Amino acid sequence: MAISMSKKKSKSSKKVETKQLQFSDTILFKVLYRIPAAIFLLILIFLWSSSTTIISGKFVHVCVSSRKLNNLYCLSAGTQPNFEIPIQALNYNGSISPNISASIKEVVDIAREDSDSIIGNRVQNNGSDDEVAFAVKVVEKQLGVQRSWISNTNHVASCEGKGIYVYDLPSKFNKDLVGQCGDMIPWTNFCVYFNNDAMGEPIAKLGNGWYHTHQYALELIFHTRALKHPCRVYDENEAKLFYVPYYGGLDILRWHFKNVSNDVKDTLGLELIKWLENKKPWLKNSGKDHVFVLGKISWDFRRRNDSPWGTRLLELDQMQNSMKLLIERQPWHVNDIGIPHPTYFHPHSDDDIITWQLNIIRSNRKSLISFAGAARPDAPENIRSILINQCISDDTKCRFLNCSSGGCDKPESVIELFRESEFCLQPPGDSPTRKSVFDSLVSGCIPVLFDPFTAYYQYPWHLPEDHSKYSVFVDQEEVREMKVNIVERLMKVPVREREDMRRFIVYELLPGLVYGDSNSQLQKFQDAFSITMNNLLQRVNRIE
């Protein structure tokens, strides 16, 4: 548009300006009028495709891109959206490579919108390369902070000054949610998974301590164990750590597949905050010594804008100080702490663990590689589809268990496959983390990871910083671009190196990755629950 910039606007100049505007509008109209409909349609498609909404699967519960939501990946709960988002490459030894792709840059995009965040203050005016490098350092630094909370002592030996108080919440926040198990997921009756203190039905074929446990059972398992912790106190004045047994994962799971408003989804979480705000311990330290256990991924509790997926629980101001234990953490929130997915193994005694360790260390590993998963027919370039094609093209070395045809419904089929394999492929699924990573580790199968957010940036209390001790990393972009054949790549790993990794997994990691049963009597070993509680106590002891 031609706009007059004269400081003294006379009547004649205004007329000229009006004519110029009318002339410009006429020209613009004529140009637009002449654009063919097909080109105009292409423009609309481009604008739609670059928007922040991504439609996935059968639902429009829609993942929101990082320009408006702080996500490195899908904000789904691991039940719906199933697309790949590139993550930065790692070298084989686990260090960040110079070729950092879009995902860390997304952290920077998020930070620009959050000037109060740890990254936000730094990236507002810096160049993109500096921003990316700084974002990487922030993620790693926060993992370092969480590792600094690791306790070297077993607090069960002495509970003096380390009391754990378990809130007796109104039943609507936990027990009543369990009572809705029959109507929680349309295609299955969830109630069967809540038997045996939420461990599910026993799996006799696999031996003592094996149960058909659902991946979303963590909240109930943790609650049962906390009630029996030897450091539990019943007087809040004697407590150091306060556990809030709210089943937030079940709360949101019941709404995932129902057409209800966001206000309905947020109701129970807001009522919980109101209830806590009337409690002296919560007010005393602004929630810093309180812990929540949420059995789903962080994004399920970080809904932004008008997305229909999840709740806003972890976005609430009142929730920022407390510690949140999740099966998948949000990588740049230091109070989001990742803890292992529940596996099918819940040992009762040290002997249960030792027996299983001997079982898998002696196992005849008939296959070099296995993959238990499913392809996406609507996305042939998806990393899973590529890996499946590479696997089935050499079935003498790689075994594929097709989960889309019900092959993974029986836990014993999955565990037996992993127990007979050297390497287990673990590409990201609906979100970066996979329960299958822990199933493979518990089976003595070396996980092959393609995304550092699958494990390396998730579980600092339960997995070592040196990732090469227990896993092999292959950049997913190299797989997509057909630069690497996974079978050929893994054949090059020396037998001695495989054996070293397996011994480390079996003897060093395995006991700390499983949750003992509700009456476990472990003496020699600390399971995932004990490690978590000891570290939480170490953390609250540092609160000023």
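Everything that follows concerns the structure shown earlier in this document.
Note that the coordinates shown come from a computational prediction; the quantities given were computed from them, not determined experimentally.

Digging into the packing of aromatic side chains
Right, so step 1: Inspection of the entire model under this criterion finds 19 aromatic pairs.
Right, so step 2: With a centroid separation of 6.1 Å and an interplanar angle of 35 degrees, the aromatic rings of Tyr-167 and Phe-242 are classed as tilted. One end of the pair, Tyr-167, is in the loop between β3 (163-166) and α6 (175-178); the other, Phe-242, is in strand β5 (residues 239-244), and 75 residues separate them in sequence.
Right, so step 3: A relative accessible area of 4% means that Tyr-167 is categorised as buried.
Right, so step 4: Given the relative accessible area of 4%, Phe-242 is considered buried.
Right, so step 5: Among the aromatic side chains, those forming a connected cluster through ring pairs are Tyr-165, Tyr-167, Phe-242 and Trp-275.
Right, so step 6: Across from the ring centre of Tyr-216, 4.6 Å away, lies the NZ or CZ of Lys-296, which sits over that ring.
Right, so step 7: Lying over the aromatic face of Tyr-344, Lys-435 brings its terminal NZ or CZ to 3.6 Å of the ring centre.

A word on the pattern of salt bridges
Right, so step 1: A complete count under the given rule lists 19 salt bridges for this structure.
Right, so step 2: The salt bridge partner of Glu-315 is Arg-304, with a shortest N-O separation of 2.8 Å. Linking Glu-315 in the loop between β6 (290-297) and β7 (323-328) with Arg-304 in the loop between β6 and β7, this pair joins segments that are 11 residues apart in sequence.
Right, so step 3: Glu-315 sits in the buried class, given a relative accessible area of 15%.
Right, so step 4: Its relative accessible area of 27% is what places Arg-304 among the partly exposed residues.
Right, so step 5: Linking Arg-496 and Asp-500 is a salt bridge whose minimum nitrogen-to-oxygen distance equals 3.5 Å.

Each value, and the rule that gives it
Residues numbered from 1 in each chain as written. Predicted model: local features only at pLDDT ≥ 70, side-chain atom pairs only at ≥ 80, totals over all residues. Heavy atoms only, no water. Phe/Tyr/Trp six-rings, centres within 6.5 Å; stacked < 30°, edge-to-face > 60°. Helix = DSSP H or I, 4+ residues; strand = E, 2+ residues; numbered from the N terminus. Buried < 20%, exposed > 50% of the residue type's maximum accessible area, 1.4 Å probe, protein only. Lys NZ or Arg CZ within 6 Å of the ring centre and 35° of its normal. Salt bridge = Lys/Arg side-chain N within 4 Å of Asp/Glu carboxyl O.

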